[in-house]
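Below, each chain spelled out in residue letters.
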Amino acid sequence: MEECISVFDMLKIGVGPSSSHTLGPWRAAERFLKELKDNDLFQNTNRVQVDLYGSLSLTGKGHATDFSIMLGLSGQDPEYIPIENISKIIKSITENDSIMLGNEISIPFKLNQDIFFNKEFLPFHANGLKFTAYLNNNSNYSSTFYSIGGGFVVKEERINAKKKLEIKCAFPFQVSNAAELLEYCLVENKKISEIVFENEKSMRSEEKINSELLRIWETMLECMYIGCHSEGILPGGLNVRRRAFDMHQNLIGLANYDSPQSWLETIRKTEVKFRQILKWVSCFALSVNEVNASLGRVVTAPTNGSAGVVPAVLMYYLVIENHQAGEKEIKQFLMVAGEIGSLFKKGSTISAAMGGCQAEIGVSSAMAAAALCELMGGSPEQVLMAAEIAMEHHLGMTCDPVGGLVQIPCIERNTMGAIKAINAAELALETDPKNAKVPLDKVIDTMWQTAQDMNNKYKETSEGGLAIAVNFADC
């Protein structure tokens, strides 16, 4: 029986710059605090040490892994923390050499002494981290977690248990691959989004589904709005200038608006020439990932590093393809995107540390292509074909962040993923499914095989590709 993966597992609200290196460790820290409390150890803790392994160690500094751990240990929630509070909390911890554990008790904490960057890899997964609490009775308690991409955090024993125990899933339509999903659609005479909606209703009310999907969209829209209206240099030392601001100014001119929603309506009323379509889509994608790179709030789709593709393509539909589209279409788009992302998570990986950038930009492009295809009238067969086409042309893409930062080449790759998604949807709509040669499941299998064959230096370690070809010191 397949494990249930909800749309809301794939589309999480959190803080940048990385779902696996920032959001995942943050959630791991929260879970460690819960373990301490569940075992009646919290109040007796006088020190906490954190060991980072593999990719978390090699690119953790550039991905703010150390900051996210401190915020998690401080009891902050990445989904709701005011962004302006992040720097204040980090500054307080580093200046006072102490942390308010769980926002309840103060203990000594020195960043350079209590977070260790161990370059070796743990055998289970490339993103490992171990928390150790030292107790008043001179004993200690340790717990190891793995950040497996998209903000998902697991423990090794849970995965091993899954091999022996049947996983209980409440979904009426339990999907393990694209072929099963398509079979449900054909038998039930439903769209993919309708199958997803029925599954989601087994976990929460229709009202909750609708409100949460719209909250995800509002977060995406606000992120694009902030990115298009923020100028300057991104943090991290690469001196990367924000481009979405200038591009947006050139495109929208002197238009007046006062909120993200009125901004959206203003763009819809703007006459967009053919060549400007590519610029608008690129602008939307850039804006999200510039916010992400500056520790802003984004939605994993399926990761933070690829967070710009899905909202950029959804915006394309709203401002270019269908000015009458509203909440119904937005929810439909997000449900399809989330379901396609879950297929890749089940059959391959959404972790760049395991599969390179094909696992991030490739998957996000497939998600967006499928969702756009359904909104534009594609059949379930064509929707899956759109996802296949998008991923097929990302196979083998490496993850080689310069300086370990989600900036070069990551931000631009979101624009390319969005453009490819639109093209993939158009190609699928013009293709008779009977003539399709490569099923989506075969591409997912191939992606996983490619990930296994890929040299580790091309898997988010900053030890290969552009990461070593471009001199960080000269940037």
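The preceding data block contains the structure.
Attention in this report is confined to the structure presented alongside it. Being a predicted model, the structure only gives us computed values, none of them experimental.

## Concerning the overall build of the protein
Phase 1: When helices and strands are tallied, the protein shows 21 helices and nine strands.
Phase 2: The C-alpha radius of gyration of the protein comes to 22 Å, within 12% of the 23 Å expected for a compact globule of 475 residues.
Phase 3: Viewed in the frame of its principal axes, the protein has a C-alpha envelope of about 70 × 55 × 45 Å.
Phase 4: In the protein, which comprises 475 residues, the share counted as buried stands at 56%.
Phase 5: Within the protein, contacts between residues at least 6 apart in sequence are counted, and of these 77% link residues at least 24 apart.
Phase 6: By element, 48% of the accessible surface of the protein is carried by carbon and sulfur atoms, the whole surface being about 19400 Å².

## Remarks on the environment of Pro78
Phase 1: In this fold, Pro78 is placed in the loop between helix 4 (65-73) and helix 5 (83-96).
Phase 2: The exposure class assigned to Pro78 is buried, which follows from its relative accessible area of 0%.
Phase 3: The sequence separation of Pro78 and Val383 amounts to 305 residues, and the corresponding C-alpha distance is 33 Å.
Phase 4: Beyond its immediate sequence surroundings of up to four residues, Pro78 is in contact with Gly14, Val15, Leu23, Trp26, Arg27, Glu30 and Arg297.

## Comments concerning the state of the cysteines
Phase 1: Applying the stated criterion across every chain, the model contains one disulfide.
Phase 2: Disulfide pairing places Cys4 opposite Cys169 at an S-S distance of 1.9 Å. On the sign convention where negative means left-handed, the S-S torsion of about 105 degrees between Cys4 and Cys169 marks this disulfide as right-handed. In this pair, Cys4 sits in the segment before helix 1 (7-10) while Cys169 sits in the loop between helix 7 (156-162) and helix 8 (178-188), placing the two residues 165 residues apart along the sequence.
Phase 3: You can see Cys185 has no disulfide; the closest cysteine sulfur is in Cys373, sitting 12 Å from it.

## Some details on the sheet that holds strand 6 (residues 127-135)
Phase 1: Pairing within the open sheet is mixed, and its five strands lie in the order 5-2-6-7-8. Looking at the sheet topology across the chains shown, the edges are occupied by strand 5 (115-118) and strand 8 (152-154). The sheet shows a mean angle of 25 degrees between the axes of neighbouring strands, direction not considered.
Phase 2: Of the pairings in the sheet, the one linking strand 2 (residues 45-54) to strand 5 comprises four bridges and is parallel in character. Looking across to strand 5, one finds that Tyr53 is bridged to Asn118.
Phase 3: Against the sheet, helix 4 contacts strand 2, strand 5 and strand 6, and its axis sits at roughly 150 degrees relative to strand 2.

## Re the nonpolar core
Phase 1: Judged by nonpolar contacts, the single largest core of 99 residues is most densely connected at Trp217, Trp263, Met315, Leu334, Ile340 and Phe344.
Phase 2: With eleven residues, the top contributor of residues to this core is helix 17 (residues 361-375).
Phase 3: In this view, Trp217 contacts Met224, Leu264, Leu314, Met315, Leu318, Ile330 and Leu334; residues no more than four positions away in its chain are not counted.
Phase 4: Formed by 35 residues, the second largest nonpolar core is a distinct cluster that contains Ala28, Val50, Leu52 and Phe145.

## Details of the side chain of Ser74
Phase 1: Here Ser74 shows up in the loop between helix 4 and helix 5.
Phase 2: Among the residues examined, Ser74 registers a relative accessible area of 5% and is labelled buried.
Phase 3: Sequence-distant contacts of Ser74, defined by excluding residues within four places in its chain, comprise Ile89, Ile93, Ile99, Met100, Gly102 and Asn103.

## Things to note about the pattern of salt bridges
Phase 1: For the structure shown, the criterion picks out 18 salt bridges.
Phase 2: The partner of Lys201 in a salt bridge is Glu198, and the shortest N-O contact between them spans 3.1 Å. Of the two residues, Lys201 and Glu198 are both situated in helix 9 (residues 192-201); the distance of three residues between them amounts to about one turn of the helix.
Phase 3: A residue is classified by how much of its surface remains accessible, and Glu198, at 26% relative accessible area, is partly exposed.
Phase 4: Note that Glu412 and Arg243 form a salt bridge whose closest N and O atoms lie 2.9 Å from each other. Here Arg243 lies in the loop between helix 10 (206-228) and helix 11 (244-252) and Glu412 lies in helix 19 (residues 410-429), a separation of 169 residues in the sequence.
Phase 5: Looking at Arg243, the relative accessible area reads 39%, which means it is partly exposed.
Phase 6: Each of Arg27, Glu30, Asp77, Glu79, Lys208, Glu212 and Arg215 takes part in one network of salt bridges that share partners.

## Observations regarding the side chain of Ser147
Phase 1: Position of Ser147 relative to the elements: it lies in strand 7 (residues 140-149).
Phase 2: Reaching out from Ser147, the side chain makes a polar contact with the backbone oxygen of Ser20 at a distance of 2.5 Å.
Phase 3: Discounting chain neighbours no more than four positions away, the residues touching Ser147 are Ser19, Ser20, Gly24, Pro25, His125, Asn127 and Phe152.

## Notes on the pairing of strand 6
Phase 1: Taking burial as the measure, the nine residues of strand 6 include seven buried ones, the bulk of the element.
Phase 2: In the sheet, strand 2 pairs with strand 6 via nine bridges, with the strands oriented antiparallel. Its bridge partner being in strand 6, Asp51 is matched across the sheet by Lys130.
Phase 3: As paired strands, strand 6 and strand 7 are joined by seven bridges and run antiparallel to one another. Each bridged residue has a counterpart across the sheet, and for Leu129 the counterpart in strand 7 is Phe145.

About the criteria used
Per-chain numbering applies: the sequence of each chain, read as written, is numbered from 1 onward. Only residues with pLDDT of at least 70 are given local features in this predicted model, and only at 80 or more are side-chain atom pairs given and counted; all residues enter the totals for whole chains, interfaces and linings. Side-chain figures throughout are based on the complete set of non-hydrogen atoms in the structure, without hydrogens or water. We count a stretch as a helix when DSSP gives it H or I for four or more residues in a row; a strand needs E for two or more, and each element gets its number in order from the N terminus. It is over C-alpha atoms that the radius of gyration is taken, and the globule rule equals 2.2 Å times the number of residues to the power 0.38. Working definition: with a 1.4 Å probe on protein chains only, accessible area under 20% of the residue-type maximum means buried, over 50% means exposed, and in between means partly exposed. Here, two residues are considered to be in contact whenever any of their heavy atoms come within 4.5 Å of each other. All accessibility values rest on the Shrake-Rupley procedure with a 1.4 Å probe; residue burial counts only the protein chains present in the view. In this description, a disulfide is simply a cysteine sulfur pair whose atoms lie within 2.5 Å. Note on pairing: two strands pair once DSSP finds at least 2 bridges between them. The axes are straight lines fitted to the C-alpha atoms, using for helices just the contacting stretch, and the angles between their N-to-C directions are given from 0 to 180°. The term nonpolar core refers to a set of buried residues drawn from Ala, Val, Leu, Ile, Met, Phe, Trp, Tyr and Cys, joined through side-chain atoms within 4.5 Å. By definition here, a salt bridge exists when the distance from a side-chain nitrogen of Lys or Arg to a carboxyl oxygen of Asp or Glu is within 4 Å. N or O atoms within 3.5 Å of each other form a polar contact, as long as, within protein, one can give a hydrogen and the other can take it, and as long as residues adjacent in sequence are counted only when both atoms are side-chain atoms.

In short, geometric facts, not functional conclusions.
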